[in-house]
Amino acid sequence: MSKNKKRKMIREGKEESIIERLEEYILPVYPEWRERRVPASEEKIAEWKERCGNLLPESYLQYLKYMGEGDGEFLSRALLAETELSEMMKWYEGEEINLQRIEFAILDIGCGEGWYIVTKENGKQVIETETGKIHSGEDEYIEDAESFENLLCQTAYFLYESKYYKYRKYILIYEKKEELVKRLEKEGKNIFEEIERESKRYGFEKAWYSDRNRYIGIKENMSFYIDKRDEIKLSASIRGENIEEVEEMSKRFQKFFEK
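Quick notes on the rules
Residues numbered from 1 in each chain as written. Predicted model: local features only at pLDDT ≥ 70, side-chain atom pairs only at ≥ 80, totals over all residues. Heavy atoms only, no water. Core = buried A, V, L, I, M, F, W, Y, C linked by side-chain atoms within 4.5 Å. Buried < 20%, exposed > 50% of the residue type's maximum accessible area, 1.4 Å probe, protein only. Contact = heavy atoms within 4.5 Å. Pairing = 2+ DSSP bridges. Helix = DSSP H or I, 4+ residues; strand = E, 2+ residues; numbered from the N terminus. Axes fitted to C-alpha atoms, helices over the stretch in contact; angles between N-to-C directions. Expected span 1.5 Å × (residues − 1). Arc of directions from axis to C-beta. Polar contact = N/O pair within 3.5 Å; in protein donor to acceptor, adjacent residues only side chain to side chain.

Enquirer: Mind showing me how you'd approach the nonpolar core here?
Expert: What tends to happen in soluble globular proteins is that the nonpolar side chains get buried as a cluster. One finds L22, W48, F74 and F104 to be the most contacted residues of the largest nonpolar core, which totals 52 residues. Aside from chain neighbours lying at most four places away, what touches F104 is Y60, L75, L79, E82, T83, M88, W115, Y116, I117, I127, F148 and L151. Listed in part, the 21 residues of the second largest apolar core include I191, M222, L234 and F256.

As structure tokens, this is what we get:
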């Protein structure tokens, strides 16, 4: 664990307080983050909000308010993408914005693939990214997170949990994702529900920002995640303060997946 740093959980709360809640988790291990952020101007935020049909989620508006012109290597680092509001406004200058699929990040490399705030027919918003299959003749997208708030919290976890706990062990899952999911479905089981049931036996609690794409389990001095966005396989790893405990827990999870 980072010396003298006790990890705080990312609290659940109103979207208006998302940056404050992220700071509680990030600043103890990355105190420069606040200084390295560059907010977008109120005028630009208001203009972009109006251009986007007032459909931008509050968590994204807060992101723009605190770091819209430079996020201190946060989303931009995790996504390897351009996230500055001024650049997004230049990109869409004179262009019509698809209000059902509003882009908020453009890859630094590649052919314009990006990340989108997508409004579904039922009004619910999710985060999607292009798959990169740009030569298929059609745009293809996959869901990355169930909300922008979830994306921010999951990004914080993946970037900074390692600053608290240096020991990491990958959990090897030999069965292909499709085969594993189908096998569990035949047994009337949901993979994340089964993971939650199993992990509670060892004192883990489901992080509130887990969703149908990623499951994050947390307890004092240890955490793990399961990611099922990949079309072929599941990926998983566990982190902790004590190497022996991490090794032992990874073996237990290994056995669970081999049942």
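Picking up where we left off.
Enquirer: Would you explain the sheet that holds strand β9 (residues 205-206) in this entry?
Expert: Strand pairing in a sheet takes place through backbone hydrogen bonds and is either antiparallel or parallel in direction. A sheet is described by the order of its strands in space; here five strands give the open sequence β8-β12-β11-β10-β9, paired in antiparallel fashion. In the strand order of this sheet, the two ends are held by β8 (167-170) and β9, each with one partner. Packing of helix α7 (residues 148-164) onto the sheet brings it into contact with β10 (214-219), β11 (222-227) and β12 (235-240), and relative to β11 it is tilted by some 130 degrees. Packed on one face of the sheet, helix α9 (residues 191-200) meets β9, β10 and β11 and runs near 10 degrees to β10.

Enquirer: Teacher, can you tell me more about the pairing of strand β6 (residues 125-130) here?
Expert: Here is the key point about a regular strand: its side chains alternate between the two faces of the sheet. When you tally the buried positions in β6, you get five out of six residues, the bulk of the element. Here strand β5 (residues 114-119) runs beside β6; their pairing, made up of five bridges, is antiparallel. Its bridge partner being in β6, V118 is matched across the sheet by V126. A loop of five residues connects β5 with β6, the two strands running antiparallel in sequence, and G123 in this loop sits at a positive phi of about 90 degrees. For β6 and strand β7 (residues 141-145), the ladder comprises four bridges, and the chain directions are antiparallel. Counted as the bridge partner of T129 is I142 from β7.

Enquirer: It is not clear to me how helix α10 (residues 243-257) should be interpreted in this structure. Could you clarify?
Expert: Since the α-helix advances by 3.6 residues per turn, residues separated by three or four positions end up pointing in the same direction. A rise of 1.5 Å per residue sets the reference length of α10, with its 15 residues, at 21 Å; its end C-alpha atoms lie 21 Å apart and thus fit the reference within 8%. For α10, every residue scored as buried is listed here: V246, M249, S250, F253, Q254, F256 and F257. For α10, the buried positions fall inside an angular range of 155 degrees around the axis, keeping them on one side. For α10, the exposed residues lying more than 90 degrees away from the buried face are E244 and K255. Its side-chain oxygen at 2.9 Å from the backbone nitrogen of E244, N242 defines the N-terminal cap of α10.

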